[in-house]
Amino acid sequence: MTRRKTSKRKLILWFLLIFFLGTAGAATGYGAYLTKKAEKVTQDAQKELDRGQKSKKRKKVVDPNYDNISILFLGVDNSEKRNKENPLSDALVLATLNEEEKSMKLVSIPRDSYVYLPTEGYKDKITHAHAFGGVDASIAAVENMFNVPVDYYVRLNFNAFIETVNSLNGISAEVPFDLKEQNSNDVDNAIELEKGYQKLNGEEALALARTRKYDSDLERGQRQMELMKAIFNKASNPSSINKYGSVIDSIGSNMKTNMDFDEMMSLKEYVINRNNITFDTMQLEGEGQFLDDGLYYYMLEDDSLRNIRTSLQTHLDLYQSPGQNDDNSDDVSNYADDDENQTQEDPM
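What you see is a predicted model; the values in this text were computed from it and never measured.

**Q** Summarise helix H5 (residues 202–210); cite the residues concerned and give the values.
**A** In terms of burial, H5 is largely enclosed, as seven of its nine residues are buried. Among the residues of H5, those classed as buried are Gly202, Ala205, Leu206, Ala207, Leu208, Ala209 and Arg210.

This is how it looks when you write it as structure tokens:
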């Protein structure tokens, strides 16, 4: 298992910062304006899951003010040309947040991971889950992989990525190789970049994040994390303050989530005290393989999956958390893991 404990600002913190910029600083007029703007776009982005508020692996609905929670971030591969209700998921990051420790674990899930899809009843690439059944199907697959509840989700269209980078007037990043890649409208070789550290616009940054021709799934995940860090660094620069409104608009118009604004606000301490927050980023190890159907899959290493599963369960304190919003003081766990919800393996 590749594990790197770091205080670097990762994907989740970048996302939270964008929405909490108006509350983390002084109560200025512009800060209040940003807060109201963030509240409005969050309201417009609301989309409840078919399952309802509560994961089947929870006995009760969680309260992020008191409970350890998990959030699944999905980047979906969509464009005006595709315009699908349920496109493929091109990036998946599961975050767990421990309220007492004020710590966060993040695991990047390669899109070609060969896993069991509970909604379909067979194994397939996890990227297909969203195409088959939307966010609910993706959540079911992730919950089954790690045997943990997924309490919240945030789905971002890649247009949010492009528009956010452009709103910040570009970002600077290292391009590790010469590349030719299609743009967001699927025009082949529309984006050409040379190796080296350089300024990228939104389309160029997306091409670097998405390309799969030049390195491995693991390195691709790392590239995406590095680009998120570059966005955060640019957004957190004082010179970008006057761009925050446009950034919030960029995200809000391309986002769906089941977190309401008050629930997001309950996590603002992760932003205010970001230098003191502990981050642990994890990557699922495995190797690429072509199966009998002629398609490429990422075959997860059993030990890597098992170790990350245990780490996430421990971080969420699933078996002995004193559930502060639980009415039954004798039942100290807000975790439902009966036979119906046990992790499923390949039924063959």
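**Q** Outline the packing of aromatic side chains, listing residues and values.
**A** This structure, assessed with the given rule, holds three aromatic pairs. Considering the side-chain rings of Tyr114 and Tyr297, the 5.0 Å spacing of their centres and the 65 degrees angle between planes classify their relative orientation as edge-to-face. Taken together, the residues span a long stretch of sequence, with Tyr114 in strand E5 (residues 114–117) and Tyr297 in strand E15 (residues 296–300) at a distance of 183 residues. Take Tyr114: its relative accessible area is 21%, and that puts it in the partly exposed class. Summarising the aromatic geometry, the rings of Phe290 and Tyr296 are spaced 5.6 Å apart at their centres and angled 70 degrees between planes, so their arrangement reads as edge-to-face. Tyr296 sits in the partly exposed class, given a relative accessible area of 26%. Above the plane of the ring of Tyr297 lies Lys125, whose end atom (NZ or CZ) is 5.5 Å from the centre.

**Q** For the nonpolar core, give the residues involved together with the corresponding values.
**A** The nonpolar side chains of a soluble globular protein tend to be buried with one another. In this structure, Ile71, Leu97, Phe161, Leu200 and Leu227 are the most contacted members of the largest nonpolar core, which totals 47 residues. Top contributing element to this core by residue count: helix H6 (residues 217–235), with six residues. The next biggest cluster of nonpolar side chains, apart from the first, holds 31 residues, and it includes Leu49, Val135, Val150 and Leu305.

**Q** Break down the packing of helix H4 (residues 158–167) against H6 for me, with residues and values.
**A** Axes are the key here: two packed helices are described by the angle between their axes and the distance separating the axes. Contact pair H4 / H6: the axes reach a minimum separation of 10 Å and the direction vectors enclose 40 degrees. Relative to H6, H4 is oriented oblique. Between H4 and H6 lies a crossing of left-handed hand. Between H4 and H6, the residues in contact are Phe161, Thr164 and Val165 and Leu227, Met228 and Ile231, respectively. Here the contact of H4 with H6 is built from residues that sort into five nonpolar, one polar and no charged.

**Q** So what's going on with unusual backbone geometry? Residues and values would help.
**A** Of note, the phi angle at Asp186 is positive, near 65 degrees, even though the residue is not glycine. Turning to its location among the elements, Asp186 is positioned in the loop between strand E9 (179–181) and strand E10 (191–193). Phi angles above zero are rare outside glycine, and Asp317 is one such case at about 55 degrees. Position of Asp317 relative to the elements: it lies in the segment after helix H10 (302–315). The partly exposed category is assigned to Asp317, whose relative accessible area is 23%.

**Q** Before we move on, could you go through the pairing of strand E14 (residues 286–290) and cite the residues and values that matter?
**A** As defined by bridge partners, E14 adjoins E15 across five bridges and the pair is classed as antiparallel. From the neighbouring strand, Gln289 faces E15, where its bridge partner is Tyr297. In this structure, the hairpin formed by E14 and E15 is closed by a connection of five residues, where Gly294 is found at a positive phi of approximately 85 degrees.

**Q** Got a sec to walk through the environment of Asp136? Specific residues and values, please.
**A** Relative to the helices and strands, Asp136 resides in helix H3 (residues 127–146). With 86 residues separating them along the chain, Asp136 and Asp50 place their C-alpha atoms 6.7 Å apart. Residues in contact with Asp136, not counting those within four places in the same chain, are Leu49, Asp50 and Arg51. Within the local environment of Asp136, its side chain forms a polar contact with the backbone nitrogen of Arg51, the two atoms lying 3.3 Å apart.

**Q** Lay out the packing of H4 against H5 in plain terms, naming residues and giving numbers.
**A** Axis separation between H4 and H5 bottoms out at 7 Å; the angle between their running directions is 135 degrees. When the interaxial angle is binned, H4 and H5 end up oblique. As for how H4 packs across H5, the hand of that crossing is right-handed. The segment H4 lies against H5, with Phe158, Phe161, Ile162, Val165 and Asn166 engaging Gly202, Glu203, Ala205, Leu206 and Ala209.

Cut-offs and rules
- Residues numbered from 1 in each chain as written.
- Predicted model: local features only at pLDDT ≥ 70, side-chain atom pairs only at ≥ 80, totals over all residues.
- Heavy atoms only, no water.
- Buried < 20%, exposed > 50% of the residue type's maximum accessible area, 1.4 Å probe, protein only.
- Helix = DSSP H or I, 4+ residues; strand = E, 2+ residues; numbered from the N terminus.
- Phe/Tyr/Trp six-rings, centres within 6.5 Å; stacked < 30°, edge-to-face > 60°.
- Lys NZ or Arg CZ within 6 Å of the ring centre and 35° of its normal.
- Core = buried A, V, L, I, M, F, W, Y, C linked by side-chain atoms within 4.5 Å.
- Axes fitted to C-alpha atoms, helices over the stretch in contact; angles between N-to-C directions.
- Parallel < 35°, antiparallel > 145°, perpendicular 65-115°, else oblique.
- Left-handed = near helix turned anticlockwise from the far one by under 90°.
- Contact = heavy atoms within 4.5 Å.
- Nonpolar A, V, L, I, M, F, W, Y, C, P; charged D, E, K, R; others polar.
- Pairing = 2+ DSSP bridges.
- Polar contact = N/O pair within 3.5 Å; in protein donor to acceptor, adjacent residues only side chain to side chain.

That's the geometry; what it means functionally is another story.
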